[in-house]
Number of protein chains: 2
Amino acid sequence: MNDEKKEKVISRRSLLKKAALGSAVIAGAGIASLGSQPKAEAAGISGELAEVAKKRHLSPNELLSAAKTYEPDGVHDPYLCLTSGGQSGQIMVYGVPSMRLIKVIGVFTPEPWQGYGFDDSAKILAEGNIRGKSITYGDTHHPGFSETKGDYDGEYVFINDKSNARVAVIDIRDFSTKQIVTNPILKSTHGGTSVTPNTEYIIVNAQYAAPFDDKYHDAKNQEVYDKIFRGAMTFWKFDRKKGRIDKDNSYSVELPPYMQDINDAGKLVSDGWGFCNSFNTERYTGGIESGNPPFEAGCSANDTDFMHMINWRKGEEAIKAGDYKVINGHRVISMKAAVARGMLYLVPVMKSPHGITVSPDGRYLLASGKLDTHVSVFDFKKIQHLMNRKIYDGYDPYGIPILSMRRSLHGLVETGLGPLHNQFDVAGSNIAYNSLFVDSAIVKYDYMKLKVLDKIPIHYNVGHLAAVHGDTVNPRGDYLISLNKLAIDRFNEVGPLHPQNHELIDISDPLHRKMRMLYAMPFPIGEPHYAQIIDANLIKKRAWKVYPLGTDTNTMTRSPFRTLAGHEKTVTNGNHVEVFGTSIRSHFNPEHIYCKVGDKVTIHITNLERAEDETHGFGIYYYNKSVSLEPGKTATIEFIADKEGVFPYYCLEFCSALHLEMFGYLMVKPA
Amino acid sequence: MNDEKKEKVISRRSLLKKAALGSAVIAGAGIASLGSQPKAEAAGISGELAEVAKKRHLSPNELLSAAKTYEPDGVHDPYLCLTSGGQSGQIMVYGVPSMRLIKVIGVFTPEPWQGYGFDDSAKILAEGNIRGKSITYGDTHHPGFSETKGDYDGEYVFINDKSNARVAVIDIRDFSTKQIVTNPILKSTHGGTSVTPNTEYIIVNAQYAAPFDDKYHDAKNQEVYDKIFRGAMTFWKFDRKKGRIDKDNSYSVELPPYMQDINDAGKLVSDGWGFCNSFNTERYTGGIESGNPPFEAGCSANDTDFMHMINWRKGEEAIKAGDYKVINGHRVISMKAAVARGMLYLVPVMKSPHGITVSPDGRYLLASGKLDTHVSVFDFKKIQHLMNRKIYDGYDPYGIPILSMRRSLHGLVETGLGPLHNQFDVAGSNIAYNSLFVDSAIVKYDYMKLKVLDKIPIHYNVGHLAAVHGDTVNPRGDYLISLNKLAIDRFNEVGPLHPQNHELIDISDPLHRKMRMLYAMPFPIGEPHYAQIIDANLIKKRAWKVYPLGTDTNTMTRSPFRTLAGHEKTVTNGNHVEVFGTSIRSHFNPEHIYCKVGDKVTIHITNLERAEDETHGFGIYYYNKSVSLEPGKTATIEFIADKEGVFPYYCLEFCSALHLEMFGYLMVKPA
């Protein structure tokens with residue numbers, strides 16, 4: 001921690017101390033008094049502002065929220081929230097505190113505005129094919145920024161697809177997806193992506209236990225289920241230099257057929273470990289259609305499920321020692337080997353825990369049993385003590401040592417009904433926030449003193465919550481976002497499919513110790529699961545304004561098809577018509593392309609523009625190609641001219657007053 | 001007009017009158033004084049609000065904007081802006097004045113969150129196939145609400161796809177796309193959709209001239225171009241009872257190979273007419289690749305291009321009389337027949353006009369030459385006079401009568417550089433707004449007095465603009481949105497592809513007569529072209545909260561596959577496995593589905609929930625199916641089980657605390 005940060009932490013600490021002493025006094029003043037909604041005049045507001053407030057029925061408290069969230073034209077937000085888009089398959093980025101959506105990143109779903117999947121970026125989507133099948137959506141769950149020394153560095157983002165057990169890599173230089181990897185052994189992945197402190201690995205793990213192979217096995221048969229169905233934690237090795245996952249140097253650790261859930265990477269004192277929770281340690285096999293209780297009942301029978309703790313540094317040793325099996329070309333460390341190497345442990349957690357979050361100092365692991373009312377605060381030092389001395393409560397049916405819950409816990413905090421996830425306030429404050437799905441509330445608590453400090457209602461039914469750098473070694477405080485699953489009556493009617501609701505909460509003032517609701521943001525593209533909020537300066541440093549002229553944006557290197565002004569040409573070689581074209585305000589070169597039915601047509605276009613935001617686009621009738629040509633980009637489309645006719649193409653972006661005049665014709669002659 | 005509305009218009013009129021007299025006095029007070037940004041205290045702001053303003057560097061003017069746009073949690077916006085999404089292929093809806101995105105409607109591009117294109121809604125997308133090819137994006141341009149008596153009725157929305165010459169129908173009951181029709185003769189459509197006053201027709205017209213047939217023709221050959229290439233205006237008949245376009249009762253009118261542009265439907269005195277502008281009346285055939293000037297130069301050579309005026313009631317008569325040709329199964333009235341029937345006229349408009357907008361009373365047609373500095377205000381009564389007396393300035397090369405521009409004009413207003421589009425303030429005010437692409441400004445002017453009243457800079461480069469009901473017989477005033485094409489430096493850095501920028505302008509106070517910038521909204525999903533802003537109460541009346549139990553949402557009728565609780569079953573019939581399933585918090589029934597490789601698997605799911613917003617989803621590994629199950633919906637997915645294995649399926653929406661436990665397994669045995 002540098003001095004400036006240290007100072008900030010210390011100053012917040014002393015503020016908190018003061019607050020603890022004087023909270024009753026403070027609560028009676030300031031924001032709290034506005035909360036009781038006196039007349040605007042009494043709150044020091046008069047003139048036209050008071051008139052507007054009156055006309056729009058804004059309380060002084062609401063006016064304050066308006067002032068705390070409004071960004072004037074041209075003003076940038078201090079933070080960016082990067083959120084998964086759920087089954088939209090995408091990632092969304094919005095500014096904080098303005099809550100203005102500023103970017104949608106095509107990840108697992110083709111997106112024609114970006115040309116994603118409609119030009120040569122289709123090959124990135126094709127990396128995500130499973131058993132040869134093209135998959136055109138994902139269920140994105142947990143975005144994870146790349147980290148340096150346990151804090152976001154703003155270079156890359158990773159995200160998993162729950163539906164299809166895949167992970168994608170997004171480069172922040174251009175906010176574009178560069179790689180998709182499929183998991184060779186899993187059939188769904190919920191947990192992850194969490195990132196180890198220096199982005200050595202991207203950790204994901206299974207959700208629904210399934211066979212590692214691609215054969216038929218009966219999920220309803222208990223014996224088959226116990227023997228064949230498995231979970232796993234996969235450690236995807238990240239090659240930062242290449243900006244790509246290194247599949248050959250990745251590996252998985254076999255896990256029992258419990259439904260492993262969200263994970264987190266250890267840091268500082270817990271560095272080297274990956275943690276996840278689980279449900280269905282009952283190994284219930286369901287069957288409502290045969291008169292059995294449904295999964296939801298059978299998976300919730302036990303009082304405790306298991307947190308899993310896996311040491312990836314020891315995993316590396318196992319791999320080095322050849323202590324693994326190869327399944328579908330992927331290295332898998334068996335449970336037996338993992339146990340033998342002292343790299344796999346379980347500890348019970350109260351009823352169906354959903355999350356696990358590691359404190360900024362790496363020592364405390366927060367978990368909430370969603371059918372419980374507590375946050376369990378585990379102390380990794382206690383856990384290490386038990387591990388080192390091999391003090392076990394026993395073994396699970398797969399021979400994995402189980403640590404004592406009681407002896408692993410620092411303690412429990414009773415937060416409310418349906419506790420799910422946790423995020424942290426500034427390091428040293430010992431303050432965390434817990435989301436309550438059933439209560440529809442956020443709870444602020446001291447996880448050292450095991451004491452609830454504040455509770456605020458949200459609308460409605462929160463899943464994850466996100467604080468600024470809230471899962472790093474250096475959380476920044478200031479804002480918390482509640483990712484609510486239901487909106488119900490909050491926004492205008494738009495038919496039976498409602499948006500989600502992201503609510504922005506002010507946590508900037510530790511003195512008042514009160515959370516304060518600032519803003520409700522409808523979220524109408526998918527169901528976001530998790531988000532990370534990053535200091536916008538980190539993004540600003542990394543993001544490109546324009547591409548170097550002639551960039552292949554899939555590789556971020558100079559394209560071999562880069563074409564400069566005056567060098568445009570069309571080369572016909574047998575049945576292959578290859579166009580080396582350009583775009584600039586406001587024409588394409590060429591404006592006519594001739595070929596015949598059956599020809600392969602390849603069109604490379606370099607956008608010669610150097611001015612920021614002077615994007616062109618290339619759209620064409622019938623051939624289903626849409627290209628976004630940001631300044632400097634060289635893109636390629638390729639298709640078989642399978643139909644005779646005249647096919648207009650044109651610029652898709654309103655680039656100049658003569659934008660409409662930017663067009664041409666592809667003419668396909670009979671064969 | 002009812003009495004209440006009349007009163008409103010009259011009262012606004014008298015306010016305007018007063019304003020005209022006293023504008024100098026008023027301009028010196030109120031908002032204008034805040035615009036000079038004095039200290040907060042001087043503006044009547046003190047206390048915590050003043051502190052926040054100081055800390056966040058908000059001027060009193062900006063605070064006022066915050067107060068004018070902020071919607072507290074749970075408060076609905078009075079207006080909804082429905083905007084095209086450009087080449088994203090979708091429609092977006094956001095609240096006004098909060099500028100919060102509240103809905104994305106899948107139209108021409110599959111969208112997995114909505115299940116659009118991933119369940120049986122795929123058949124709607126398939127209606128948009130062209131020559132057998134599946135097209136998975138569109139370039140949406142101009143949304144048009146259905147109208148009753150010339151005003152939006154909030155029942156349906158129509159939108160065109162420029163790239164592929166298609167039109168979609170969206171039902172506001174559930175904000176979902178119900179129909180896509182392909183244009184049988186056109187290869188691109190820019191203009192439209194505009195809607196006739198009682199939604200008799202949805203009007204679209206060609207953009208890039210092309211042959212009506214699907215044969216090869218050389219676009220570069222002038223003789224071929226003049227003879228074979230054509231534009232058209234298509235009148236899609238709307239069957240409101242069925243909520244579908246009636247293709248069999250639709251028709252087109254052949255037009256010369258000028259690039260027809262945005263259209264508008266006549267109303268009141270001009271009812272029965274469709275209007276559009278055009279560029280490239282030069283019939284330039286381009287060829288920069290051969291050393292010719294590019295299209296942008298050749299298409300901009302003439303001082304004037306043509307507004308086209310077409311009478312669709314006379315078109316109906318022509319169709320009734322059999323005076324048409326059938327091309328690709330579609331009825332086309334030839335230019336010759338249209339001229340003979342007195343239903344097709346041209347009038348010159350200054351340099352490359354882009355838009356045409358009909359005044360609330362139907363009498364004035366506003367057009368802006370984008371390479372000119374004026375808005376041309378045409379008087380339809382003068383035009384009618386010339387038409388009725390057959391007073392022509394001559395004929396174009398295709399024999400279409402040309403009216404005198406001078407004698408058709410009410411007058412010209414000099415607004416600035418790059419004028420594009422127009423919208424109207426409340427009826428009777430005679431106030432319109434003009435967007436200036438090159439100047440990056442919006443101009444407020446009196447189109448009767450031909451006088452500019454105000455000008456406001458925008459950031460940057462506006463295309464369309466939208467006012468509340470701004471193209472109807474009854475514009476509501478209050479707000480104007482500037483749909484800016486470039487954002488450049490306005491928002492946080494997100495790489496080379498920038499969002500668009502929609503700026504909200506306050507036009508609510510005719511007394512002050514000053515437009516006032518309120519809010520900048522980044523728009524990161526496509527490039528919106530046009531938008532309509534509608535009274536939210538109209539939507540509220542129409543939108544459904546939940547579906548009647550067992551609704552086929554493609555047809556909005558009861559599904560034959562509706563399954564009630566306790567009636568779930570799986571029926572195997574030879575190679576067909578058909579599941580009649582249900583979903584309810586928090587399980588599917590069944591939880592196990594068995595089949596063998598090669599089987600056709602059909603899964604019907606009825607969401608039994610009756611509570612608003614209790615949406616479930618159905619996602620499955622590998623088979624690329626994503627279903628959104630809003631309360632009451634019955635959806636179907638169907639696929640060939642082409643691979644052996646175990647395929648988990650699960651609920652895609654976080655529906656309850658036991659959401660993760662809502663899953664099952666499809667098990668595919670070897671054949």
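Coordinates for the structure precede this section.
First, a word on what this report is: a plain description of the structure on this page. (Residues numbered from 1 in each chain as written. Chains lettered and ligands numbered in written order. Predicted model: local features only at pLDDT ≥ 70, side-chain atom pairs only at ≥ 80, totals over all residues. Heavy atoms only, no water.)

What follows concerns the overall build of chain A. Regarding its fold elements, chain A presents 12 helices and 45 strands. For 671 residues, the compact-globule formula gives about 26 Å, and the C-alpha radius of gyration of chain A, at 27 Å, lands near that figure. Counting over 671 residues, chain A shows a buried share of 69%. Partitioning the intrachain contacts of chain A with sequence separation of at least 6 by distance along the chain shows that 62% fall at a separation of at least 24. Each charge class in chain A was averaged separately, 76 positive and 77 negative side chains, and the resulting centres sit 5 Å apart. (Helix = DSSP H or I, 4+ residues; strand = E, 2+ residues; numbered from the N terminus. Rg over C-alpha atoms; globule rule 2.2 N^0.38 Å. Buried < 20%, exposed > 50% of the residue type's maximum accessible area, 1.4 Å probe, protein only. Contact = heavy atoms within 4.5 Å. Lys, Arg positive; Asp, Glu negative; His and termini not counted. Charge placed at Lys NZ, Arg CZ, Asp CG, Glu CD.)

Right, let's get into the packing of helix H3 (residues 47-55) of chain A against helix H4 (residues 60-69) of chain B. It is the contact of H3 of chain A with H4 of chain B, at a shortest axis distance of 9 Å, that shows an interaxial angle of 5°. Classed by the angle they form, the pair H3 of chain A and H4 of chain B counts as roughly parallel. From H3 of chain A, Glu48, Leu49 and Val52 of chain A reach across to H4 of chain B, where they touch Leu63, Leu64, Ala67 and Lys68 of chain B. Partitioning the contact of H3 of chain A with H4 of chain B into residue classes produces five nonpolar, no polar and two charged. (Axes fitted to C-alpha atoms, helices over the stretch in contact; angles between N-to-C directions. Parallel < 35°, antiparallel > 145°, perpendicular 65-115°, else oblique. Nonpolar A, V, L, I, M, F, W, Y, C, P; charged D, E, K, R; others polar.)

Here the distance between the centres and the angle between the planes together describe a pair of aromatic rings. Residues and elements named next belong to chain B. For the structure shown, the criterion picks out 78 aromatic pairs over all chains. Summarising the aromatic geometry, the rings of Tyr201 and Phe235 are spaced 5.9 Å apart at their centres and angled 80° between planes, so their arrangement reads as edge-to-face. Here the residue Tyr201 occupies a position in strand E9 (residues 201-205), and Phe235 occupies one in strand E11 (residues 229-239), the gap between them amounting to 34 residues. Each member of the pair, Tyr201 as well as Phe235, is classed as buried. (Phe/Tyr/Trp six-rings, centres within 6.5 Å; stacked < 30°, edge-to-face > 60°.)

Right, let's get into the interface of chain B and chain A. Tallying the contact residues gives 180 residues for chain B and 181 residues for chain A. Carbon and sulfur atoms make up 60% of the surface buried where chain B meets chain A, a total of about 15,900 Å² over both sides. Sorting the residues of chain B by area buried against chain A places Tyr70, Trp113 and Phe654 of chain B first, and these three jointly supply 6% of that buried surface. For the interface between chain B and chain A, the tally reads eight salt bridges. Between Lys370 of chain B and Glu661 of chain A there is a salt bridge whose closest N-O contact spans 2.9 Å. Along the contact surface separating chain B from chain A lie 80 residue pairs in polar contact (both at pLDDT 80 or more). (Buried area = accessible area lost by both parts, 1.4 Å probe. Salt bridge = Lys/Arg side-chain N within 4 Å of Asp/Glu carboxyl O. Polar contact = N/O pair within 3.5 Å; in protein donor to acceptor, adjacent residues only side chain to side chain.)

Attention shifts here to the pairing of strand E20 (residues 364-368) of chain A. Residue and element names in this part refer to chain A. Burial analysis of E20 places five of its five residues in the buried class, which makes it a mostly covered element. Burial along E20 is two-sided: Tyr364, Leu366 and Ser368 and Leu365 and Ala367, pointing in opposite directions, are all buried. Judged from the five bridges that link them, E20 and strand E21 (residues 374-379) form a sheet pairing that is antiparallel. Residue pairing in the sheet places Ala367 in a bridge with Ser376 of E21. Linkage of E20 to E21, two consecutive antiparallel strands, is achieved through a turn of five residues. (Pairing = 2+ DSSP bridges.)

We now examine H3 of chain A. Every buried residue belonging to H3 of chain A is among Glu48, Leu49, Ala50, Val52 and Ala53 of chain A, and all of these are buried. Count one or two residues on from H3 of chain A and you reach His57 of chain A, which has phi positive near 55°.

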